[in-house]
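# Results of the structural survey
Residue-level listing of the chains:
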Amino acid sequence: MRFLKRPLVSIVNDHLIDYPTPINIHYAWNFGFLSFMCLAIQILTGIFLAMHYTPHVDLAFASVEHIMRDVNYGWLLRYIHANGASMFFIVVYIHIFRGLYFGSYTKPRHIVWVIGVIILLLMIITAFIGYVLPWGQMSLWGATVITNLVSAIPLIGDSIVVWLWGGFSVDNATLNRFFSLHYLLPFAITAISLVHVAVLHQGGSGNPLGIDSNVDKINFYPYFIVKDLLGLTLFIIFFSFFIYFFPNILGHPDNYIEANPMVTPAHIVPEWYFLPFYAILRSIPHKLGGVIAMISAIAILSLLPWIHSAEIRSSRFRPFYKFLYWTLIACSLILGWIGGMPVEEPYVFIGQVASFYYFVFFLFIIPSLGAFEIFLLKFKNL
């Protein structure tokens, strides 16, 4: 017992062993744990890749080929890291949509939700600058297009772009600073993730029914540790399928061509997990308006605890919201599809409609539906 009272051991015991967990949570609650495992995989493989990578415009592409062909199991490290980014976003997106379905963003877990949105934003930045490092055609031109968006800021935009680049184009200085940031940011994400978990455990986990479950809890270990390990096993099988059979299916073939500033790719697209936001960006003809819309698409998630007005949290007891929730899923998938399409009709119009519905869902449907449900409850009790 004296051993369990030591500070570090006591913290581990409180959060991983004796932590009181609602008895009715199911496998949808596994994705927080899987997100942390994805982060650990990315950090470990990233450290080993950094040992062989050279952040120089003349050597970066060749160093990646060296990792793939000459380093022992370098191909495995690179495929785990490259596909691991996609797996990370898959898991995190499911984690977010689970929160939307079960109302996990409401008090007393509203701060947990806001911290989670900050983690998502840092993930997006980290993944973007990481995509630049292989120094292929999509790396160079993707970096050029995305960093140029900052020039939309009135008066000081062009100066900020030059400052970001470290010169007058995406070049060696840009690659060096992106490599430094890509190495640093995952550790910042780890620190914020620990705060995310600590704040969650302070208020207690939610449950599928969206009710107070303080009277019906059991220890996290061994029941939910076993459930998480089963989920991890299934996830590793799914992950391995991509690594060993389709390692390049989620990437862009143009990125196997060395970066050439004199040749612009026919169709510049980001990685698949950025496509919905990219579609929102392109749906606004005005450059600054598109940037504001894209940033707002992420920032609006942090406002959900205050936008939500329903007394019931879980969609299980909200049939209208459950239907509309699936329309949001469909809208997000459509935006992802549009983001990879050329800027031409009918894709532009479809993207504008889907972008409009995305914002309507959060700014109008969620608050008005909550008010409507409250009215129905009061009318029923008359």
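Reference entry: report on the structure contained in this document.

Conventions and cut-offs
- Residues numbered from 1 in each chain as written.
- Predicted model: local features only at pLDDT ≥ 70, side-chain atom pairs only at ≥ 80, totals over all residues.
- Heavy atoms only, no water.
- Helix = DSSP H or I, 4+ residues; strand = E, 2+ residues; numbered from the N terminus.
- Buried < 20%, exposed > 50% of the residue type's maximum accessible area, 1.4 Å probe, protein only.
- Expected span 1.5 Å × (residues − 1).
- Bend = angle between axes of the 7 residues up to and from the residue.

## Points about unusual backbone geometry
Between Lys107 and Pro108 the backbone carries a cis peptide bond, its omega angle lying at 10°. Cis geometry is adopted by the peptide bond preceding Pro346, which originates at Glu345 and carries an omega value of 5°. Mapped onto the fold, Pro346 is located in the loop between α13 (319–339) and α14 (347–381). The residue Tyr73 is not glycine, and still its phi comes out positive at about 60°. Mapped onto the elements, Tyr73 comes out in the loop between α3 (60–69) and α4 (74–102). Under the relative-accessibility criterion, Tyr73 is labelled exposed at 58%. Positioned with a positive phi, Leu155 is a non-glycine residue whose angle comes to about 70°. Summarising the element assignment, Leu155 is placed in the loop between α6 (137–148) and α7 (157–165).

## Quick word on helix α11 (residues 287–302)
With 16 residues, α11 should reach 22 Å at 1.5 Å per residue; the first-to-last C-alpha distance of 24 Å fits that figure. The sharpest bend along α11 reaches about 35° and sits at Ser296. Of the residues making up α11, those classed as buried are Gly290, Val291, Ala293, Met294, Ala297, Ile298, Ile300, Leu301 and Ser302.

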